[in-house]
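The residues making up each chain are set out below.
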Amino acid sequence: MLSTWSPRALAALRIMAGLLFLEHGLIKLIGFPGPGPETLPPMLLIAGLIETFGGLLLVLGLFARPAAFLSSGLMAAAYFIGHAGGGFWPSANGGEAAILYCFIFLYILVAGPGAWALDNRRTGTGRVTMPA
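Everything numeric in this text was worked out from a predicted model, so none of it was measured.

(A) Just the environment of G112, in detail. For G112, the position within the fold is in the loop between α5 (96-111) and α6 (118-123). Among the residues examined, G112 registers a relative accessible area of 0% and is labelled buried. Taking the C-alpha atoms as reference points, G112 and A11, 101 residues apart in sequence, are found 9.2 Å from one another.

(B) How the structure looks around unusual backbone geometry. Cis geometry is adopted by the peptide bond preceding P33, which originates at F32 and carries an omega value of 10°. In this fold, P33 is placed in the loop between α1 (6-30) and α2 (42-60). In the Ramachandran plot, F63 falls in the positive-phi region, its phi being about 50° despite a non-glycine side chain. You will see that W116, though not glycine, has its phi angle at about 55°, which is positive.

(C) Seen up close, the environment of F105. By the secondary structure assignment, F105 is in helix α5. Of the residues examined, F105 reaches a relative accessible area of 0% and is grouped as buried. When the C-alpha atoms of F105 and F69 are compared, they prove to be 6.8 Å apart, with 36 residues separating the residues in sequence. If we ignore the near neighbours within four places in the chain, the residues touching F105 are A17, F21, L58, A68, S71, S72 and M75.

(D) Layout of the layout of surface pockets. Looking at the largest pocket, its volume works out to about 410 Å³. Of all elements in the fold, only α1, α2, α3 (64-83) and α5 reach the threshold of two or more residues within the lining of the largest pocket. If one sorts the elements of the lining of the largest pocket by residue count, α3 sits on top with 7 residues. Across the lining of the largest pocket, the residue classes tally to 13 nonpolar, 5 polar and 2 charged.

About the criteria used
Residues numbered from 1 in each chain as written. Predicted model: local features only at pLDDT ≥ 70, side-chain atom pairs only at ≥ 80, totals over all residues. Heavy atoms only, no water. Helix = DSSP H or I, 4+ residues; strand = E, 2+ residues; numbered from the N terminus. Buried < 20%, exposed > 50% of the residue type's maximum accessible area, 1.4 Å probe, protein only. Contact = heavy atoms within 4.5 Å. 1 Å grid on protein atoms, 1.4 Å probe; cavity = no way out; pocket = protein on both sides within 12 Å on 5 of 7 lines; lining within 4 Å. Points joined across faces, edges and corners; volume = space filled by probe spheres on them. Nonpolar A, V, L, I, M, F, W, Y, C, P; charged D, E, K, R; others polar.

And the structure:
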């Protein structure tokens, strides 16, 4: 019985992770919904663009697998560039969120977008989709 809810639970995970990722990107790029940096080095500008557009694509479930692939790679790089040097334990180096995002996006890459995704309409997979 629970397996019928699996596509919907995956969609909820995709949508919420995408919204939170989008928020990180918007903070970097336009300072919304919280204060952002005054100036961005090129690497953070690229990260902000990937977070913003990748997050938006994940929320919509549009090109979800490529967006998840790129976003997972970004978070792996963010962990090793920005956090791993602070010690072995993620709780000590502040890298828990980067690791979680990395593996959530890796799961979406493998499992697909779940229900309520525009990809389902685009590819005609016949999975649970938004009402017509």
